[in-house]
Amino acid sequence: MKYALHRSTRRFHPLPLLALLALGACAPTQPQSTASTSTASANEIRIAVAGPMTGDLGVYGAQMREGAKLAVADINAAGGVLGKPLRLIVQDDECASSRATSVARNIVSQNVVAMIGHFCSGVSIPASAVYAESGVLQITPSSSNPNLTEQAFHRGWKTVFRSYVRDDHLGFAAASYLAEHYAKGRIALLQDDSNYASTIERPLLRGLVAYGIEPVFQDRIDAGHSSYQDTIDELIKARPDAVFYMGYYPEAALLIKEARASGLQAAFLGSDSLMTTDFAESAGSAAEGVMFIANQGARAVPEGAALLARLRAQNTDADPTGEDYAVFTYAAFQEFALAAQRAGTTEAGAVARALRSGSFDTVMGTVAFDEKGDLRDERFSWYRFRAGNYELVP
C-alpha cells in the first residue's frame, strides 16, 4: 500500500543464526527503542522503522512497530548482526506526505544504517531521496506504488527496496480474478481520491478490457465524508453482480454498510487496505463475505502463521487478529540481517548488492529482488471476512 491520505487527520544459510531468523524461533526479549540523536555506539547497529503510529491509519503503524520489536528481539537473542546488537528507532510519519522529508532527515540524523518503511507510498517516495543521498538502506514492507522503485531505478539509486507487491501488478491480478469469476456478470468499480487507488485502477481497467469486460459503473469518492448514499443510489441503478473498491478501509466500511442497508446484494471486493479487522469492526455485519486481494498473507506460509501465533500470544497492541503487516515488517528486518551477514558489512551499497545477489528465507517464504529492488516472485492471496476476522480463500 499505500499512499498518503489527505484527510483530517536459491537459499542462503551461512550461519545458524540465519536459520533461526527464518524460523522466527528465538526467545523474545525487549529491544531498545529511542529517539535520541546521540552518536551511535560502535558496539550497536541502529535500524529504524517508520509508519503511521498515530492518526487514521494508526492500526497499520502498530502492526509495523510490533513486528519490528519482535524481529529486533529475535535477531539480538540469536547474536545480533555481525556480532553486534540492533537498536530500534521508531518514528511516526502519520502517513502524511508533508512529513516525509522531515521524518527521513530525523532518522538519518540518528546514525541509522537501514530503515524499514514507510507504510504509505506518499511518504516512502519523497523520503527515499533523503535515504539514498545519505547512504541509508530502505526496505518498505508495504508501500506499493510502482513509482517508488521506478524512480530509484531511473535515478541510479541502488539502496531502495520493496518487500511487497506493486499496485500495478495487484490491479492486473484483481482483473484476472474478476474475469474468471464474473466473466458474464456486471462489474462496478469504486475508488477513493488517493493516488493509491488510481495506481490500482489503471492496470485493473486495462486487464478487464483485455478480458473483454467493460464495467457497468465507475465512480470516484472523496475521502472523509460521513455518507456516500448518493453514490450508492447510482450504483444500485447499475445492477452490478460485483463491486470492486480501491481505497482505504474507513470509506470502504461506510460504503458497504450503506449499500447493504439500501438492499444491494452484489458481491463486494476490495484492495489490500482492507487487510485489518478494523474494517470489520467499522462495517459490522455488512463486512460478512467481503473479499480483498493482497500480498501473499502470513497465514499462507507456515513460518508466517507461526509468527502470527506468537504475536497473538503476547497480546500486542497491534490488530489482534490481523497482524499481517507485523509479519511483513518482521520479514524486512530478516532481509536486512541476512544480507548484511552475507555482505560482511552494514554499508548500504554492499547490503544492497547482497540483496540482489541471491534469495533469502524469511517468515514470508523465500524472497529475491530484481534490479529495480522489487520482488522477483510476487505472490497474491485473496481473503474473506467471516465473523469479524478475515480468512484465506483457498
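What you are looking at is a predicted structure, and each value in this text was computed from that prediction instead of being measured.

Peer 1: Give a detailed account of the pairing of strand 7 (residues 217-220), specifying residues and quantitative values.
Peer 2: The side chains of a regular strand alternate between both faces of the sheet. Bridging between strand 6 (residues 187-191) and strand 7 involves four bridges; their strand directions are parallel. Opposite Gln-191, over in strand 7, you have Arg-220 as the bridge partner. Where the polypeptide runs from strand 6 across helix 7 (residues 195-210) and back to strand 7, its parallel neighbour, the crossover connection is right-handed.

Peer 1: Explain the sheet that holds strand 8 (residues 242-246) to me, using residue names and the numbers behind them.
Peer 2: Pairing is mixed across the open sheet formed by seven strands, whose spatial order is 7-6-8-9-10-13-14. Single-partner strands in this sheet number two, and they are strand 7 and strand 14 (389-392). Taken pair by pair, the neighbouring strands of this sheet meet at an average axis angle of 25°, ignoring direction. By the bridge criterion, four bridges tie strand 8 to strand 9 (residues 267-270) in an arrangement that is parallel. Bridged to Phe-244 within strand 9 is Leu-269. Along the sheet, helix 8 (residues 229-238) contacts strand 6, strand 7 and strand 8; its crossing angle with strand 7, the most-contacted strand, is approximately 170°.

Peer 1: Describe the pattern of salt bridges, with residues and values.
Peer 2: Enumeration over the complete set of coordinates arrives at 16 salt bridges. Of the charged contacts, one joins Arg-65 and Glu-66 as a salt bridge, the two residues approaching to 3.6 Å between their closest N and O atoms. Residues Arg-65 and Glu-66 agree in their burial class; the two are buried. For the salt bridge of Arg-162 with Asp-374, the shortest nitrogen-to-oxygen distance reads 2.8 Å. Placement of the pair is Arg-162 in strand 5 (residues 160-162) and Asp-374 in the loop between strand 12 (365-368) and strand 13 (380-386), with a sequence separation of 212 residues. What makes Arg-162 buried here is its relative accessible area of 0%. Linked by salt bridges that have partners in common, Glu-150, Arg-162, Arg-166, Asp-168, Lys-372 and Asp-374 make up one network.

Peer 1: I'd like a description of the state of the cysteines, backed by residues and values.
Peer 2: For the structure shown, the criterion picks out one disulfide. The disulfide that involves Cys-95 links it to Cys-120, with 1.5 Å between the sulfurs. In this structure, the disulfide formed by Cys-95 and Cys-120 twists by about -90° around the S-S bond and is classed as left-handed. Placement of Cys-95 in the loop between strand 2 (86-92) and helix 3 (100-109) and of Cys-120 in the loop between strand 3 (114-116) and helix 4 (121-134) is noted, with a sequence separation of 25 residues between them. Comparing Cys-95 with Cys-120 shows no difference in burial state: the two are buried.

Peer 1: So what's going on with the environment of Ser-273? Residues and values would help.
Peer 2: In this fold, Ser-273 is placed in the loop between strand 9 and helix 10 (277-283). Judged by relative accessible area, which is 0%, Ser-273 ranks as buried. Sequence separation between Ser-273 and Leu-57 is 216 residues; the distance between their C-alpha atoms is 9.8 Å.

Peer 1: So what's going on with the sheet that holds strand 2? Which residues, and what values?
Peer 2: One open sheet holds the five strands; their spatial order is 2-1-3-4-5, and the pairing between them is parallel. Each of the sheet's edge strands pairs with one partner strand only, and the pair in question is strand 2 and strand 5. The sheet shows a mean angle of 20° between the axes of neighbouring strands, taken without regard to direction. Along the sheet face, helix 3 touches strand 1 (45-51), strand 2 and strand 3 and points at about 160° away from the line of strand 2. Of the strands in this sheet, strand 1, strand 2, strand 3 and strand 4 (137-140) are in contact with helix 12 (residues 324-343), which crosses strand 1 at around 150°.

Definitions and limits used
- Residues numbered from 1 in each chain as written.
- Predicted model: local features only at pLDDT ≥ 70, side-chain atom pairs only at ≥ 80, totals over all residues.
- Heavy atoms only, no water.
- Pairing = 2+ DSSP bridges.
- Helix = DSSP H or I, 4+ residues; strand = E, 2+ residues; numbered from the N terminus.
- Right-handed = clockwise from strand over helix to strand, strands pointing away.
- Axes fitted to C-alpha atoms, helices over the stretch in contact; angles between N-to-C directions.
- Contact = heavy atoms within 4.5 Å.
- Salt bridge = Lys/Arg side-chain N within 4 Å of Asp/Glu carboxyl O.
- Buried < 20%, exposed > 50% of the residue type's maximum accessible area, 1.4 Å probe, protein only.
- Disulfide = S-S within 2.5 Å.

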